[in-house]
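The primary structure of each chain is shown beneath.
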Amino acid sequence: MAQVLHNLGSFIGARDFSTSVPMLERALAIRTQAWGEEHPNVAYSTLNLGVQYSAQGDWGEAEKKFRRAGAIAKAAGLPDDHIVQAVVLYNVTEAAARQGRTEGAFEAYARARRMALEALGNESVYSFLPLLSRGELALAQGRAQRAEAELRHALELAREHLDPDGRNVALARLALARALRRQGRLAEAERILRDLLAAGDGGGKNSQTELDGVRRTLAETLLDAGRLDEAAAVLAATDTPGAE
């Protein structure tokens, strides 16, 4: 029953957080009762619950779950280089950064990536996500050239080892376009953004939201170029008005 609830909650999470979180909480309670608090499966359930909270933007609660999952994994005897510890480290760092606590984040992302590489190689999404996050963090810190280098690395990895035409590639390309725009390379950024819109990329459970992000970034790029009418037309197609 716990596994059924866990799988169903994860599946529904892509569609309805109000239903998925209670299911995952119930699965966690059943697993804890069956195996005790210091069991790897309890760590996995706690980690998955944190991912659901992060997906709905509740980074404070997500961070609590991620830290709890790490403590359970350690108590359960999982080694420090286990993939679960890499996933915990990445998600704790991401949750803290999303709440404005970025000190040491750049190095923590790199450490999480090294751990994921050692455990699963480049085929793990956790070899990709730290690169994406490092690029986004560098961009937020005003280091657009460093961001570009990280994001090109992330894009190359996603194309070669994950999903050549999928969501991870689209996310890396969008972030790269933002880094290029920040450097004033507007034509390059515009090409990427129009390619994303033409392909309908964004993918995943929030495809419309992500496509709106592409449109907003394109509108900002056009505004930077002084093309106000074109920017207005792009924004008119955006479900969520306003600039990022």
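Use the structure listed above.
Note that the coordinates shown come from a computational prediction; the quantities given were computed from them, not determined experimentally.

What counts and how
- Residues numbered from 1 in each chain as written.
- Predicted model: local features only at pLDDT ≥ 70, side-chain atom pairs only at ≥ 80, totals over all residues.
- Heavy atoms only, no water.
- 1 Å grid on protein atoms, 1.4 Å probe; cavity = no way out; pocket = protein on both sides within 12 Å on 5 of 7 lines; lining within 4 Å.
- Points joined across faces, edges and corners; volume = space filled by probe spheres on them.
- Nonpolar A, V, L, I, M, F, W, Y, C, P; charged D, E, K, R; others polar.
- Helix = DSSP H or I, 4+ residues; strand = E, 2+ residues; numbered from the N terminus.
- Expected span 1.5 Å × (residues − 1).
- Buried < 20%, exposed > 50% of the residue type's maximum accessible area, 1.4 Å probe, protein only.
- Polar contact = N/O pair within 3.5 Å; in protein donor to acceptor, adjacent residues only side chain to side chain.
- Core = buried A, V, L, I, M, F, W, Y, C linked by side-chain atoms within 4.5 Å.
- Axes fitted to C-alpha atoms, helices over the stretch in contact; angles between N-to-C directions.
- Parallel < 35°, antiparallel > 145°, perpendicular 65-115°, else oblique.
- Left-handed = near helix turned anticlockwise from the far one by under 90°.
- Contact = heavy atoms within 4.5 Å.
- Salt bridge = Lys/Arg side-chain N within 4 Å of Asp/Glu carboxyl O.

S.K.: Outline the layout of surface pockets, supporting the account with residue identities and numerical values.
M.R.: Looking at the second largest pocket, its volume works out to about 160 Å³. In this structure, the second largest pocket is lined by Glu 94, Ala 97, Arg 98, Thr 102, Tyr 109, Ser 133, Glu 136, Leu 137 and Ala 140. Per-class residue counts for the lining of the second largest pocket are 4 nonpolar, 2 polar and 3 charged.

S.K.: Break down helix α7 (residues 125-140) for me, citing the residues and quoting the values.
M.R.: With 16 residues, α7 ought to run about 22 Å at 1.5 Å a step, and its terminal C-alpha atoms sit 22 Å apart, in line with that. Most of α7 is tucked away: 13 of the 16 residues are buried. N-cap assignment for α7: the residue whose side-chain oxygen lies 3.0 Å from the backbone N of Tyr 126 is Ser 124. The positive-phi residue at the C-terminal boundary of α7 is Gly 142, with phi of around 85°.

S.K.: Let's hear about the side chain of Arg 173: which residues, and what values?
M.R.: Assignment of secondary structure puts Arg 173 in helix α9 (residues 167-182). You can call Arg 173 buried: its relative accessible area is 16%.

S.K.: Break down the nonpolar core for me, citing the residues and quoting the values.
M.R.: Soluble globular proteins tend to bury their nonpolar side chains together. Residues Leu 47, Phe 128, Leu 132 and Leu 151 are the most contacted members of the largest nonpolar core, which totals 65 residues. At 10 residues, α9 tops the list of elements feeding residues into this core.

S.K.: Explain the packing of helix α8 (residues 144-162) against α9 residue by residue, including any values.
M.R.: Relative orientation of the contacting elements α8 and α9 amounts to 160°, with a least axis distance of 9 Å. Taken together, the axes of α8 and α9 lie roughly antiparallel to each other. The crossing of α8 and α9 is left-handed. Contacts between α8 and α9 involve Ala 144, Ala 147, Glu 148, Leu 151, Arg 152, Leu 155, Ala 158, Arg 159 and Leu 162 from the first element and Asn 168, Val 169, Ala 172, Arg 173, Ala 175, Leu 176, Ala 179, Leu 180 and Arg 182 from the second.

S.K.: I'd love a proper account of the pattern of salt bridges, names of residues and values included.
M.R.: Using the criterion set out here, one finds 19 salt bridges in the structure. Arg 134 is paired through a salt bridge with Glu 150; the nearest N and O atoms lie 2.9 Å apart. Here Arg 134, found in helix α7, pairs with Glu 150, found in helix α8; they are 16 residues apart in sequence, far enough to count as distant. Comparing Arg 134 with Glu 150 shows no difference in burial state: the two are buried. One salt-bridge network, in which partners are shared between bridges, spans Glu 148, Arg 152, Arg 185 and Glu 188.

S.K.: Describe the environment of Arg 167, listing the residues and the values that go with them.
M.R.: With respect to the helices, strands and loops of the structure, Arg 167 is situated in helix α9. We classify Arg 167 as partly exposed; its relative accessible area is 31%. Once the C-alpha coordinates of Arg 167 and Glu 210 are considered, the two residues, 43 residues apart in sequence, prove to be 9.9 Å apart.

S.K.: Describe the packing of α9 against helix α10 (residues 186-199), with residues and values.
M.R.: Between α9 and α10, the shortest axis-to-axis distance is 8 Å and the interhelical angle comes to 155°. Comparing the axis directions of α9 and α10 gives the class roughly antiparallel. The hand of the α9/α10 crossing is left-handed. Taking contact as the criterion, the partners of Ala 170, Arg 173, Leu 174, Leu 176, Ala 177, Leu 180 and Arg 181 in α9 are, on α10, Leu 186, Glu 188, Ala 189, Ile 192, Leu 193, Asp 195 and Leu 196. Looking at the contact of α9 with α10, its residues break down into 10 nonpolar, no polar and 4 charged.

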